[in-house]
Amino acid sequence: MSENKRTCLYDRHVALGALISPFGGFEMPIQYEGITEEHNAVRTDCGVFDVSHMGEVNISGPDAERFVNHIFTNDIAGAPDGKIFYGMMLRPDGGTVDDLLVYKRGDNNFFLVINAGNIDKDVAWISSHAEGFDVEIDDLCDSLGELAVQGPKSEEVMEQVLGISCADLTFYTFREATLDGKHILVSRTGYTGEDGFEIYADHDTIRSLWDTLIESGCCKPCGLGCRDTLRFEVGLPLYGDELAEDITPIEASLSIFVKTEKPEFIGREAILAQKAEGPRRKLVGLEIHDRAIPRHGYEVLTPEGEVVGTVTTGYRGISVDKSIAMALVDSRYAAKDTPLAVRIRRKVFPATVVPRKFYKKSYKK
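These numbers were taken from a predicted model, which means no experiment stands behind them.

As for the overall build of the protein chain
So, point 1. The helix and strand tally for the protein chain stands at eight helices and 20 strands.
So, point 2. Its C-alpha atoms give the protein chain a radius of gyration of 21 Å, near enough to 21 Å, the size a compact globule of 365 residues would have.
So, point 3. Its C-alpha atoms give the protein chain principal-axis dimensions of roughly 65 × 50 × 45 Å.
So, point 4. The proportion of buried residues among the 365 residues of the protein chain is 56%.
So, point 5. When contacts within the protein chain are restricted to residue pairs at least 6 apart in sequence, those whose partners lie at least 24 apart make up 67%.
So, point 6. Accessible surface, the protein chain: about 15400 Å² in total, of which carbon and sulfur atoms supply 48%.
So, point 7. One finds the centroid of the 41 positive side-chain charges in the protein chain at a distance of 7 Å from the centroid of its 58 negative side-chain charges.

Given below as structure tokens:
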């Protein structure tokens, strides 16, 4: 087994006393002060995450737009520069290779952000489908770092502490700029349900920005533990839980990001067939009527005891103070208010199907 990688900020995490654990092939900080404290900082103030484990691929060339539209479920045709799209890359059978962001940098120039655990697979998959397209594929994963500055005070921190102009950016837009002579890309995006920004730059620049934020005391360092609780509360999927090679975006209730009106993309025919027939299973929210905490893989049952699904993610919600879960269940039991149950260890606890957005998102439109 190969050793886990380390981001350019690994030494900073160790110096701050972070709990380090493997994630997506990297040694990553899970928490510093504590998951609850870090979660609440992002909901009410500002937190900064090292997300340098994420992968980046640039696609350019005369056929770049046509190629990206071929491998991506959303429709980027004719998009304005500075626009960002969320969507998936699919297998021919509709299963999800990965979910990702696509940044429109310019004419036939696109920046793709992919999940850490899928980097090698994704780069190989993208490259394997490039035959017949006049494109250049640049793997930037080892040369770039990334920070996520998240929370209601993130704009103030970006402008006043880091000196990065961003107030005019709207949700899912970005700009490229020069900071202290170094190139940076700044987007108004995040994975927390709060307003926030993501910064891509070379490793030295990322280290400098991190140090400035930590020394200022205005932005709490946050680990991947609260990144998961934050994204979960607002119903955002995690690849490997709510999406996977055997889970389609239709089953994951993400059909809004699959533009079947496009004439062609990998997996389109399978998606059209699934939409016509109706998915066999669907992703739903569950509220458990007890303080017991559901976990990934726990069985979901009918009140009569028939197993009809599994939990994909579950927590005692920090912002909502309820035991909640997302679960992939038989479509017959996916309607809101359907009574179900979850087996937690040796006991069965009643639950009810609820919307997956357990907590209201707070984005700048």
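What follows picks up the thread again.
Things to note about the sheet that holds strand β7 (residues 96-106)
So, point 1. Strand order in the open sheet formed by five strands is β6-β7-β8-β5-β9, with antiparallel pairing between adjacent strands. Pairing within the sheet leaves two strands with one partner each, and these edge strands are β6 (84-90) and β9 (136-139). Neighbour to neighbour, the strand axes of the sheet diverge by 30° on average, direction disregarded.
So, point 2. Note: strand β5 (residues 55-60) against strand β8 (residues 109-114), six bridges, orientation antiparallel. Within β8, the residue paired with E56 across the bridge is V113.
So, point 3. Sitting on the sheet, helix α3 (residues 64-71) is in contact with β5, β6, β7, β8 and β9, with an inclination near 135° to β5.

Section: the sheet that holds strand β2 (residues 19-23)
What holds strands together in a sheet is hydrogen bonding between their backbones, with the strands either parallel or antiparallel.
So, point 1. On the basis of which strands lie adjacent, the open sheet formed by three strands has the order β1-β3-β2 and mixed pairing. Each edge of the open sheet is held by one strand with a lone partner, namely β1 (5-6) and β2.
So, point 2. Where β2 meets strand β3 (residues 26-31), five bridges bridge the pair, whose relative direction is antiparallel. Looking across to β3, one finds that F23 is bridged to F26.
So, point 3. Packed on one face of the sheet, helix α7 (residues 224-233) meets β2 and β3 and runs near 70° to β3.

Some thoughts on the side chain of D228
So, point 1. Tracing the backbone through its elements, the reader meets D228 in helix α7.
So, point 2. The exposure class of D228 is buried, given its relative accessible area of 15%.
So, point 3. Leave out the neighbours within four places in its chain, and D228 touches L238, T313 and Y315.

Focus: the side chain of E233
So, point 1. Within the fold, E233 resides in helix α7.
So, point 2. Excluding residues within four positions of it along the chain, E233 makes contact with H39, R43, G317, I318, S319, V320, R356, K357, F358 and Y359.

Comments concerning helix α5 (residues 154-161)
So, point 1. Looking at α5, one finds that the buried residues are S154, V157 and M158. Buried positions in α5, seen along its axis, are confined to an arc of 95° and lie on one side of it.
So, point 2. Elements that come into contact with the buried residues of α5 comprise β10 (144-150), β12 (182-187), β13 (196-202) and α6 (203-216).
So, point 3. The positive-phi residue at the C-terminal boundary of α5 is G163, with phi of around 70°.

Re the packing of helix α2 (residues 35-44) against α7
So, point 1. At a minimum axis distance of 8 Å, the contact between α2 and α7 shows a crossing angle of 55°. The orientation of α2 relative to α7 falls into the category oblique. In this structure, α2 crosses over α7, and the sense of that crossing is right-handed. Across from I35, E38, H39, V42 and R43 in α2, the residues of α7 making contact are G225, C226, T229, L230 and E233.
So, point 2. Taken together, the residues of the contact of α2 with α7 sort by class into four nonpolar, three polar and three charged.

Here is what the cut-offs are and how they apply
Residues numbered from 1 in each chain as written. Predicted model: local features only at pLDDT ≥ 70, side-chain atom pairs only at ≥ 80, totals over all residues. Heavy atoms only, no water. Helix = DSSP H or I, 4+ residues; strand = E, 2+ residues; numbered from the N terminus. Rg over C-alpha atoms; globule rule 2.2 N^0.38 Å. Buried < 20%, exposed > 50% of the residue type's maximum accessible area, 1.4 Å probe, protein only. Contact = heavy atoms within 4.5 Å. Areas by Shrake-Rupley, 256 points an atom, 1.4 Å probe, with all protein chains shown as cover. Lys, Arg positive; Asp, Glu negative; His and termini not counted. Charge placed at Lys NZ, Arg CZ, Asp CG, Glu CD. Pairing = 2+ DSSP bridges. Axes fitted to C-alpha atoms, helices over the stretch in contact; angles between N-to-C directions. Arc of directions from axis to C-beta. Parallel < 35°, antiparallel > 145°, perpendicular 65-115°, else oblique. Left-handed = near helix turned anticlockwise from the far one by under 90°. Nonpolar A, V, L, I, M, F, W, Y, C, P; charged D, E, K, R; others polar.

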